[in-house]
Amino acid sequence: MSARPRPAGWVSLQGQYAGTASRLLAYVIDLVVSTAVFTLAVAGVSFVIETVTRHSITWTTESGAVTTAVFVAWEFFYFGYSWAASGKTVGMAVLGIRVVQADGTGADAWRGVVRALVFPFSFLFLGLGFIGLLVQGQRQALHDLVAGTAVVYAWDARAARLRFLAREAETGPAPAAQRTGRTG
């Protein structure tokens with residue numbers, strides 16, 4: 001690595017506090033992913049039970065409370081384990097954000113678990129637990145304040161672009177026909 005000065009137009013968000021839109025989009029992606037995994041798991045369990053017992057399983061309103069409780073437990077596990085193990089969920093990884101301690105060092109497992117346990121309380125009272133994302137410089141929601149965490153950008157788009165360009169330079173640019181999709 002060289003210590004060359006950065007060009008004037010160079011911008012990196014790495015290490016800066018993640019914005020509200022990034023965090024919301026990551027959460028939406030996580031809801032889709034976790035719900036899909038849960039649905040596939042329930043379908044798989046149903047299939048195995050039906051195959052072994054030869055009785056069909058129907059999910060009725062009587063089993064709805066149990067299914068809801070299992071889903072809520074799954075969501076706690078999904079978010080808590082992800083934050084405790086790596087500091088990011090699937091949605092956060094896609095958007096290049098991660099959970100760190102409020103001082104910027106990596107978050108430990110305990111903070112990830114506490115964050116997951118307090119996370120639902122941020123939704124109480126019409127989402128007032130998220131007001132810190134809009135008014136605070138560190139963009140900490142209630143669950144961040146209680147767990148002593150913050151969410152920062154951890155993906156340097158410029159570095160990724162440079163890696164891509166370096167790979168392209170090694171292999172050479174694609175012929176014009178391949179770039180435009182035209183042949184012959």
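The coordinates are above.
Residues numbered from 1 in each chain as written. Predicted model: local features only at pLDDT ≥ 70, side-chain atom pairs only at ≥ 80, totals over all residues. Heavy atoms only, no water.

Engineer: Would you take a moment to explain the pairing of strand E2 (residues 149–153) for this structure?
Structural biologist: Note on strand geometry: in a regular strand, side chains alternate between the two faces of the sheet. The buried fraction of E2 is high, at five of five residues. The alternating pattern of E2 places Thr-149, Val-151 and Tyr-153 and Ala-150 and Val-152 on opposite faces, both of which are buried. Relative to E2, strand E1 (residues 97–101) is paired through five bridges, and the arrangement is antiparallel. Each residue of the ladder has a partner; that of Ile-97, found in E2, is Tyr-153. (Buried < 20%, exposed > 50% of the residue type's maximum accessible area, 1.4 Å probe, protein only. Helix = DSSP H or I, 4+ residues; strand = E, 2+ residues; numbered from the N terminus. Pairing = 2+ DSSP bridges.)

Engineer: How should the pattern of salt bridges be read in this particular structure?
Structural biologist: Where side chains of opposite charge bring their charged atoms close, a pairing between them can arise. Within the structure shown, the criterion is met by three salt bridges. As a salt-bridge pair, Asp-144 and Arg-23 come within 2.6 Å of each other at their nearest N and O atoms. Linking Asp-144 in helix H7 (residues 142–147) with Arg-23 in helix H1 (residues 20–53), this pair joins segments that are 121 residues apart in sequence. Comparing Asp-144 with Arg-23, the two get one shared label, buried. (Salt bridge = Lys/Arg side-chain N within 4 Å of Asp/Glu carboxyl O.)

Engineer: Sorry if this is basic, but what is going on with a nonpolar patch on the surface here?
Structural biologist: Together, Phe-121, Leu-124, Phe-125, Leu-128, Leu-142 and Val-146 make up an exposed nonpolar region whose accessible area comes to about 620 Å². Listing elements by their share of the nonpolar patch, those giving two or more residues are helix H5 (124–127) and H7. When you line up the elements, Leu-124 lands in helix H5. Given a relative accessible area of 41%, Leu-124 falls into the partly exposed group. (Patch = residues over 30% accessible without salt bridge, like charges linked within 9 Å, V, L, I, M, F, W, Y side chains within 5 Å. Areas by Shrake-Rupley, 256 points an atom, 1.4 Å probe, with all protein chains shown as cover.)

Engineer: How should I be thinking about the side chain of His-143 in this particular structure?
Structural biologist: Relative to the helices and strands, His-143 is located in helix H7. A relative accessible area of 1% places His-143 in the buried class. Apart from residues no more than four positions distant in its own chain, His-143 is found in contact with Arg-23, Arg-115, Val-118, Phe-119, Ser-122, Phe-130 and Thr-149. (Contact = heavy atoms within 4.5 Å.)

Engineer: Just checking my understanding: could you explain H1 for this structure?
Structural biologist: For the α-helix, the turn length of 3.6 residues means that residues three or four positions removed from each other point alike. With 34 residues, H1 extends 49 Å between its outermost C-alpha atoms, agreeing within 8% with the 50 Å of an ideal straight helix rising 1.5 Å per residue. All of the buried residues in H1 are Ser-22, Arg-23, Ala-26, Asp-30, Ser-34, Phe-38 and Ser-46. (Expected span 1.5 Å × (residues − 1).)

Engineer: Is there a simple way to think about the layout of surface pockets in this case?
Structural biologist: Rolled over the atoms, a probe as big as a water molecule pinpoints where empty space is left. Within this model, the second largest pocket holds a volume of roughly 290 Å³. Every residue lining the second largest pocket is counted, 18 residues in all, and those nearest its centre are Arg-23, Leu-24, Tyr-27, Phe-119 and Phe-130. Considering each element in turn, the lining of the second largest pocket owes the most residues, six residues, to H1. Class assignment of the residues belonging to the lining of the second largest pocket gives a composition of twelve nonpolar, three polar and three charged. (1 Å grid on protein atoms, 1.4 Å probe; cavity = no way out; pocket = protein on both sides within 12 Å on 5 of 7 lines; lining within 4 Å. Points joined across faces, edges and corners; volume = space filled by probe spheres on them. Nonpolar A, V, L, I, M, F, W, Y, C, P; charged D, E, K, R; others polar.)

Engineer: Even after reading the chapter, I still don't get the nonpolar core, so can you show me in this structure?
Structural biologist: General note: in soluble globular proteins, nonpolar side chains tend to be found buried as a group. Among the nonpolar cores identified, the biggest contains twelve residues, and these are Ala-18, Ala-26, Tyr-78, Phe-79, Trp-83, Met-92, Ile-97, Val-99, Ala-116, Phe-119, Val-151 and Tyr-153. Counting only elements with at least two residues in this core, the list comes to helix H2 (61–85), E1 and E2. Broken down by element, this core gets its largest block of residues, three residues, from H2. The contacts of Ala-18, once residues within four sequence positions are left out, are Arg-23, Ile-97, Arg-139, Val-151, Val-152 and Tyr-153. (Core = buried A, V, L, I, M, F, W, Y, C linked by side-chain atoms within 4.5 Å.)

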